[in-house]
Amino acid sequence: MDSDDLGLFGPGSVTWKVHEEPILIVAGLRSLYLQALHPRAMAGVAQNSNYRTDAWGRLVRTATYVGTTIYGTTAEAEAAGARLRRLHARLRATDPFTGEEFRVDDPDLLRWVHVTEIESFLDTARRAGLSLTDDEVDGYYTEQRRAAALVGLDPETVPGSAAEVADYYRRVRPELRMTREAAETALFLTAPPLPWKLSLPARIGLNLGPPRWAYLGIAGTAFALQPGWARRMYGGLGLPTTALSADLTVRTLRLALATLPRRWREGPMQIAAKERAARLAPAPVTG
């Protein structure tokens, strides 16, 4: 039945193989650093959200949306996409340079967010040690056109291979800027307020060093995983040694995450999707 299918991707897809990786939490942060370099995209977020006062709530909502599109049923994914399209359709923002009002669901902005997100997922997973063939890499980008369609994009206008993603970045880079908003956002991403349960001890005079330092390490790795041209726009180093250091760190983190119990590495939607796939799998043929 439609409410009990394998969703947009399912077992055997490159998408499930990539998103099996807990290290993608670093990839999500990497994509936010990249997205902040687009002035209009940044204006759309800054003028229409409370990300500074509800950073962790926004993170949870975004993660829930992505998880639904990856692991939900087709109906659940389409419903999540429809809700997002309705929300975006109501939102407007003002260009910080021209003063022009624009729609947040402008296809160029939706495409930027989509590409930076999926390229971050794929690049981070590979650099952390996930083995993918060139065909699988292109397959992931092609599969993710289904996710692009959910937000209202024409799939044919979305890069569907590694070469097309590289070409897209070359074409869009002249539009990117290191603005004050981008700098402020990057600083916020690097040192956001901790969730209240973790920040409470500091409020009553206790030192809560480890969670803060652990997050700073993750944020620093996510920043360093960006393409060299993006790091240079932020005023950082675009040297190969910076990328190599990030690669070593993210590989070590992936190995550490692999030792965690399954219930900590996999979310409820992922577990439910695997159980659904097992239930719907054809019965083995016996002799």
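Being a predicted model, the structure only gives us computed values, none of them experimental. Within each chain, residues carry numbers counting from 1 in the order of the written sequence. At least 70 in pLDDT is required for a residue's local features to be given in this predicted model, at least 80 for side-chain atom pairs to be given and counted, and no such filter applies to totals for whole chains, interfaces and linings, which use all residues. As a rule here, side-chain values cover all heavy atoms of the structure and leave hydrogens and water aside.

S.K.: Which parts of the structure should I look at to understand the overall build of the protein chain?
M.R.: The helix and strand inventory of the protein chain stands at 16 helices and 2 strands. The contact criterion used is simple: two residues touch if any of their non-hydrogen atoms lie within 4.5 Å. Excluding contacts between residues fewer than 6 apart, the proportion of contacts in the protein chain whose partners are at least 24 apart in sequence is 72%. Working note: accessible area of the protein chain is about 15100 Å², and carbon and sulfur atoms make up 59% of it. Numbering of helices and strands runs from the N terminus; a helix is a DSSP stretch of H or I covering at least four residues, while a strand is a stretch of E covering at least two. Values of accessible area rely on a 1.4 Å probe in the Shrake-Rupley scheme; residue burial ignores everything except the protein chains shown.

S.K.: I'm lost on the side chain of Arg-231 in this one. Help?
M.R.: Within the secondary structure, Arg-231 sits in helix α13 (residues 228–233). Buried and unpaired, Arg-231 has no salt bridge, with Asp-247 as the nearest side chain of opposite charge at 8.2 Å. The rule is simple: take the accessible area with a 1.4 Å probe, protein chains only, and divide by the maximum for that residue type; under 20% is buried, over 50% is exposed, in between is partly exposed. By the counting rule applied here, Lys and Arg register as positive and Asp and Glu as negative, while His and the ends of each chain are not counted. A carboxyl oxygen of Asp or Glu within 4 Å of a side-chain nitrogen of Lys or Arg is what we treat as a salt bridge.

S.K.: So what exactly am I meant to see when it comes to the nonpolar core here?
M.R.: Looking at soluble globular proteins, one finds that nonpolar side chains tend to be buried together. Residues Val-18, Tyr-33, Tyr-140 and Tyr-169 are the most contacted members of the largest nonpolar core, which totals 68 residues. Filtering out sequence-adjacent residues up to four positions away, Tyr-169 remains in contact with Leu-34, Trp-112, Val-115, Thr-116, Glu-119 and Trp-229. Throughout this description, the term nonpolar core refers to a set of buried Ala, Val, Leu, Ile, Met, Phe, Trp, Tyr and Cys residues connected via side-chain atoms within 4.5 Å.

S.K.: Help me understand the layout of surface pockets in this model?
M.R.: The rolling of a water-molecule-sized probe over the atoms marks out the regions of remaining empty space. Buriedness of a pocket was judged along seven lines, with at least five required to meet protein on both sides within 12 Å; pockets are open sets of points on a 1 Å grid over the protein atoms alone, cavities are sets where a 1.4 Å probe fits but cannot get out, and lining residues have an atom within 4 Å of a point. Grid points are joined across faces, edges and corners, and a volume is the space filled by probe spheres set on the points. One number sums up the size of the second largest pocket: a volume of about 190 Å³. In terms of lining residues, the second largest pocket is bounded by His-38, Pro-39, Arg-40, Asp-95, Phe-97, Asp-106, Asp-108, Leu-109, Glu-175 and Arg-177. Contributions of two or more residues to the lining of the second largest pocket are made by α3 (39–46) and α6 (107–127). Split into classes, the residues belonging to the lining of the second largest pocket amount to 3 nonpolar, 1 polar and 6 charged. Polarity classes work like this: nonpolar for Ala, Val, Leu, Ile, Met, Phe, Trp, Tyr, Cys and Pro, charged for Asp, Glu, Lys and Arg, and polar for all others, with Gly in that last group.

S.K.: I tried to follow a positive patch on the surface on my own but got confused; where do I start?
M.R.: Together, Arg-83, Arg-85, Arg-86 and Arg-90 make up a region of like positive charge exposed at the surface. Here Arg-85 is to be found in helix α5 (residues 74–90). Surface patches are drawn from residues lacking salt bridges whose relative accessible area is over 30%; two like charges belong together within 9 Å, two nonpolar side chains (Val, Leu, Ile, Met, Phe, Trp, Tyr) within 5 Å. A charge is said to be at NZ when it belongs to Lys, at CZ for Arg, at CG for Asp and at CD for Glu.

S.K.: Any chance you could explain the side chain of Gln-144 here in plain terms?
M.R.: Considering the arrangement of structural elements, one finds Gln-144 in the loop between α7 (134–143) and α8 (145–150). Not counting residues within four places of it along the chain, the set of residues in contact with Gln-144 comprises Phe-9, Thr-15, Ile-70, His-114 and Ile-118.

S.K.: What am I meant to see in the packing of α6 against helix α14 (residues 240–258) here?
M.R.: Angle between the axes and distance between the axes are the two parameters that describe a pair of packed helices. A fitted line through C-alpha atoms represents every axis, and for helices the fit uses only the stretch in contact; the resulting angles, taken between N-to-C directions, go from 0 to 180 degrees. Between α6 and α14, the least distance of the axes is 8 Å, while the angle of their chain directions is 80 degrees. As judged from the angle between their axes, α6 and α14 are roughly perpendicular. Note on element contacts: α14 touches α6 through Ala-243, Ala-246, Asp-247, Val-250 and Arg-251, opposite Thr-124, Arg-126 and Arg-127. Residue composition of the contact of α6 with α14, grouped by class: 3 nonpolar, 1 polar and 4 charged. Any angle that is under 35 degrees is reported as roughly parallel, and any over 145 degrees as roughly antiparallel; angles of 65 to 115 degrees are reported as roughly perpendicular and all others as oblique.

S.K.: What's the story with the confidence of the model for the protein chain in this structure? I'm lost.
M.R.: Do not read the predicted coordinates in detail wherever pLDDT is low. Note: pLDDT gives the predictor's confidence per residue, expressed from 0 to 100. Considering every residue of the protein chain, the mean pLDDT works out to 89; 89% of them sit at 70 or more. Segment residues 198–209 is flagged for pLDDT under 50; beyond a separation of four residues in sequence, or across chains, it makes 6 contacts in the model.

S.K.: Is there a simple way to explain the packing of helix α4 (residues 55–71) against helix α16 (residues 268–280) in this structure?
M.R.: Running from N to C, α4 and α16 point in directions that differ by 10 degrees, and their axes come no closer than 10 Å. Taken as axis vectors, α4 and α16 run roughly parallel relative to one another. Every residue of α16 that contacts α4 at Thr-64, Gly-67, Thr-68 and Tyr-71 is listed here: Met-269, Gln-270, Ala-273 and Arg-276. Here the contact of α4 with α16 is composed, by residue class, of 3 nonpolar, 4 polar and 1 charged.

S.K.: Would you take a moment to explain the pattern of salt bridges for this structure?
M.R.: Close approach of charged atoms allows side chains of opposite charge to pair. Overall, the coordinates contain 18 salt bridges when judged by the stated rule. A salt bridge links Lys-17 to Glu-136; its shortest N-O distance comes to 3.2 Å. Of the two residues, Lys-17 is situated in helix α1 (residues 14–19) and Glu-136 in helix α7; the sequence distance between them amounts to 119 residues. You can call Glu-136 partly exposed: its relative accessible area is 22%. Residue Glu-184 pairs with Arg-180 through a salt bridge whose shortest N-O separation is 3.8 Å. Of this pair, Glu-184 and Arg-180 both sit in helix α10 (residues 180–190), 4 residues apart, which is roughly one turn of that helix. Given a relative accessible area of 37%, Glu-184 falls into the partly exposed group. With relative accessibility at 60%, the residue Arg-180 sits in the exposed group. Residues joined by salt bridges that share partners form a network here, namely Arg-30, Glu-119, Asp-123, Arg-127 and Asp-247.

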